[in-house]
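Coordinates in review
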Amino acid sequence: MNLLITGGLGNLGLWLTHYFLDRGEYVTVIGRTEKVIINNDNYKFIACDITKQDDLELAITKHYDFCIHTASYNEHFQAGYKARALSINALGTDNLCEALLKHGVDKLIYLSTFHVYGASGGIISELNAISPVNDYGLTHYFAEKYIEKHAKTNGLNFCTLRLTNSYGCPRSIDTDKWYLVLNDLCKNAYENKKIVLNSNGRGSRDFIWMGDVVKTISAVMNEEQCSNTFYNLSSGKSLSILDIATFVKQAYNESFSQDLPIEVNASDKTEFSELIVENKKLLDVINIEFHENILLEAKNIFKLLESK
């Protein structure tokens, strides 16, 4: 099987790249820079900027069985985010579809986000209205619509997965995703020997293990029912930020035989409603069990930090 993975050296991308290489598949990764070196006879890296159509047409020169599209710009805290997110997330996806269709692709798997719903509480299913409240959600929704355009006009076969908050130990110490919740809490615990929450920690999110994300992607690739449609990709349960911090505390205590204090912002009186992102539509077509591996991944992050 020949796979193309955009952003295959990124946070989730590396989990996917290693997973399919370990299965003996042929994996081609396109990305802006080769920030991680992978030595495998079945692996190929092509430097490519998806915002440039000419780059993509030089990079994609053959038919692929599947393309897993993870490349996106999500660093909303950086200057110029709005323009770059629109260029990469939305227009870059349109460019990718056009390049893929020149030589053909059996199916495009797109990693979108549940932020297209714009909801921070309550029950979210695929029936919820689309109402993004930030550029992150909006540009991913634009990408979804570009993909649908190519499905209608050019026969592109696709499956869109609206991902919640995936977690897992970075496959590289040089990851640029240390701001993600579990990574950030572990890094700050390691460096400061305590966890300080700027909030009361009661806000809840759906956290899904990257190992389960990878297996789900593998399952929908070959499932005929998962064609020209979209699914929420979630664990189906939520944890508070304080819950995650408590897992990190346990991992730290067991890893270093030291107690890790947690400081909560007691002056923050914000009330949060519980968030549930339903995954029933997905589980009706694939058979997968979701796992809670926060403690294990926190320990792995501490090992990664110790290795530096």
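In the block above lies the structure referred to throughout.
Okay, so let's go over this structure. Every value quoted in this text rests on a predicted model; they were computed, and no experiment measured them.

Observations concerning the overall build of the protein chain
Across its full length, the protein chain holds nine helices and 14 strands. The globule rule puts the C-alpha radius of gyration for 308 residues at 19 Å, and the 19 Å found for the protein chain is close to it. Considering only C-alpha atoms, the protein chain reaches an extent of 55 × 45 × 40 Å along its principal axes. Looking at the protein chain as a whole, 52% of its 308 residues are labelled buried. Within the protein chain, counting contacts between residues at least 6 apart in sequence, those at least 24 apart form 78% of the total. The averaged location of the 38 negative side-chain charges in the protein chain is 3 Å from the averaged location of its 30 positive side-chain charges.

A word on helix 7 (residues 241-256)
With 16 residues, helix 7 ought to run about 22 Å at 1.5 Å a step, and its terminal C-alpha atoms sit 22 Å apart, in line with that. Restricting attention to buried positions, one finds in helix 7 the residues Ile241, Ile244, Ala245, Val248, Ala251 and Tyr252. Seen from one end, helix 7 has its buried residues packed into an arc of 120°, which puts them on one side. Packing partners of the buried residues in helix 7 comprise helix 5 (181-192), strand 9 (195-196), strand 10 (204-209), strand 12 (238-240), strand 13 (262-263) and helix 9 (294-307).

Side note on the pattern of salt bridges
Tallied over the full model, the rule gives 13 salt bridges. A salt bridge links Glu148 to Lys145; the nearest nitrogen and oxygen atoms lie 2.7 Å apart. Of the two residues, Glu148 and Lys145 both sit in helix 4 (residues 135-154), three residues apart, roughly one turn of that helix. Residue classification places Glu148 among the buried positions, given a relative accessible area of 19%. When its relative accessible area of 37% is taken as the criterion, Lys145 is described as partly exposed. Between Glu263 and Lys194 there is a salt bridge, and its shortest N-O distance comes to 3.7 Å. Taken together, the positions of Glu263 in strand 13 and Lys194 in the loop between helix 5 and strand 9 put the pair 69 residues apart, joining distant regions of the chain. Take Lys194: its relative accessible area is 32%, and that puts it in the partly exposed class.

Cut-offs applied
- Residues numbered from 1 in each chain as written.
- Predicted model: local features only at pLDDT ≥ 70, side-chain atom pairs only at ≥ 80, totals over all residues.
- Heavy atoms only, no water.
- Helix = DSSP H or I, 4+ residues; strand = E, 2+ residues; numbered from the N terminus.
- Rg over C-alpha atoms; globule rule 2.2 N^0.38 Å.
- Buried < 20%, exposed > 50% of the residue type's maximum accessible area, 1.4 Å probe, protein only.
- Contact = heavy atoms within 4.5 Å.
- Lys, Arg positive; Asp, Glu negative; His and termini not counted.
- Charge placed at Lys NZ, Arg CZ, Asp CG, Glu CD.
- Expected span 1.5 Å × (residues − 1).
- Arc of directions from axis to C-beta.
- Salt bridge = Lys/Arg side-chain N within 4 Å of Asp/Glu carboxyl O.

Fair warning: the whole summary comes from geometry, so function is off the table for now.
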